[in-house]
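Residue-level listing of the chains:
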Amino acid sequence: MFDELKPHLAELRKRLGISIGVIFIMFFVCFSFWEPILAWMIAPLNGVLPEGSHVIFTKVQEPFFTALKVSFFTAFIFSLPVLFWQFWLFVSPGLYENEKKMVIPFVIFATLMFLMGSMFCYYVVIPIGFNFLINFGAKLFTALPSIGEYVGFFTKLLFGFGLAFELPVITFFFAKLELVDDKSLIGFFRYAIIIIFAVSALLTPPDVLTQFLMAGPLVVLYGLSILVARAVNPAKKEEKDDDENTENETEKIEDIKENEEKE
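### Some remarks on the packing of helix α2 (residues 34-48) against helix α7 (residues 147-164)
Taken N-terminus to C-terminus, the directions of α2 and α7 make an angle of 90°; their axes are 11 Å apart at the nearest point. When the interaxial angle is binned, α2 and α7 end up roughly perpendicular. For the pair α2 and α7, the contacting residues are Leu 38, Trp 40, Met 41, Ile 42, Pro 44 and Leu 45 in the first and Ile 147, Tyr 150, Val 151, Phe 154, Thr 155 and Leu 158 in the second. When grouped by side-chain class, the residues that make up the contact of α2 with α7 number 11 nonpolar, one polar and no charged.

Now the structure itself:
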């Protein structure tokens with residue numbers, strides 16, 4: 001069994017090596033421009049800080065490690081096309097020839113969806129969420145946010161929203177492998193709503209408005225995923241007819257029971 005896994009492990013090591021190498025190279029490029037990148041990151045925070053407040057650092061090493069965080073996160077974003085490409089090459093041996101040709105659309109749409117989620121977070125969620133959090137106790141306290149903590153929180157939010165917006169792309173991939181179809185996604189919808197709000201509560205600041213700003217688009221994306229699955233791997237007509245017949249029989253049984261109780 002281990003001998004059968006050796007080629008897959010070797011391929012995985014190769015793809016991970018290329019991905020890490022690309023991120024490593026981009027890291028040094030981004031480190032040369034970490035100051036303007038950091039200025040872009042803290043712009044939403046500076047926009048909601050009250051008068052007299054400013055960003056600070058509380059530890060001697062904090063500016064240096066913040067520069068490393070900024071450079072690494074930016075390198076990861078710039079490396080996304082290569083990362084998605086390497087992922088596709090890793091799984092492509094298990095795909096059909098016509099599916100292997102979809103590498104370019106997959107890389108483009110996966111990258112675009114991640115960037116769309118990140119930009120939605122940057123331009124909508126962060127200004128609204130931080131405005132609420134920063135100014136909540138402004139009359140009693142002076143806001144002096146730490147740059148290290150802010151960058152960590154900022155990158156977590158952008159990564160979370162970017163990953164969440166990959167839902168239609170992931171659905172397309174699973175539908176191509178015939179692991180999901182539109183019927184299974186529709187049946188799972190009620191549970192998906194609970195999971196979406198739970199994830200939103202974990203990834204966003206602890207206020208209801210920001211959580212809804214993440215949960216709302218995710219519900220829409222789940223609906224879009226159902227359409228994607230219906231286009232790629234629709235449920236068989238026989239299965240749908242069986243489900244409809246089962247529902248009709250269940251309704252008839254319930255009607256008979258209600259009539260018997262009334263009599």
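### Regarding the environment of Ala 175
Summarising the element assignment, Ala 175 is placed in helix α8 (residues 167-176). Ignoring anything within four residues of it in the chain, the contact list for Ala 175 reads Val 180, Ala 229, Val 232 and Asn 233.

### Structural notes on the layout of surface pockets
Looking at the largest pocket, its volume works out to about 520 Å³. Forming the walls of the largest pocket are 23 residues, and the residues nearest its centre are Leu 83, Phe 84, Gln 86, Phe 87 and Phe 106. At the level of secondary structure, the elements contributing two or more residues to the lining of the largest pocket comprise α1 (2-31), α4 (80-91), α6 (103-135), α7 and α8. A per-class count over the lining of the largest pocket returns 19 nonpolar, two polar and two charged. Size it by volume and the second largest pocket reaches roughly 440 Å³. In this structure, the second largest pocket is lined by 19 residues; those nearest its centre are Ala 164, Leu 167, Ile 195, Ile 196 and Leu 218. Among the elements of the structure, α7, α8, α10 (189-203) and α11 (208-232) are those that each provide at least two residues to the lining of the second largest pocket.

The rules we used
The numbering scheme is per chain: residues are counted from 1 as the chain's sequence reads. Given that this is a predicted model, residues contribute local features only at a pLDDT of at least 70 and side-chain atom pairs are listed and counted only at 80 or more, while totals for whole chains, interfaces and linings are drawn from all residues. Where side-chain values are given, they derive from all heavy atoms of the structure, hydrogens and water being excluded. To define axes, lines are fitted to C-alpha atoms, for helices over the stretch in contact only, and angles between the resulting N-to-C directions are given on a 0 to 180 degree scale. The way it works is that DSSP assigns letters per residue, a run of H or I at least four long becomes a helix, a run of E at least two long becomes a strand, and they are numbered from the N terminus. Angles are sorted into four bins: roughly parallel if under 35 degrees, roughly antiparallel if over 145, roughly perpendicular if 65 to 115, and oblique for all others. The contact criterion used throughout is that any non-hydrogen atoms of two residues lie within 4.5 Å. Note on residue categories: nonpolar means Ala, Val, Leu, Ile, Met, Phe, Trp, Tyr, Cys or Pro, charged means Asp, Glu, Lys or Arg, and polar means any other residue, Gly included. A cavity here means a set of points on a 1 Å grid, drawn over the protein atoms and nothing else, where a 1.4 Å probe fits but cannot get out; a pocket is an open set with protein on both sides within 12 Å along at least five of seven lines, and a residue lines either one if it has an atom within 4 Å of a point. Grid points are joined across faces, edges and corners, and a volume is the space filled by probe spheres set on the points.

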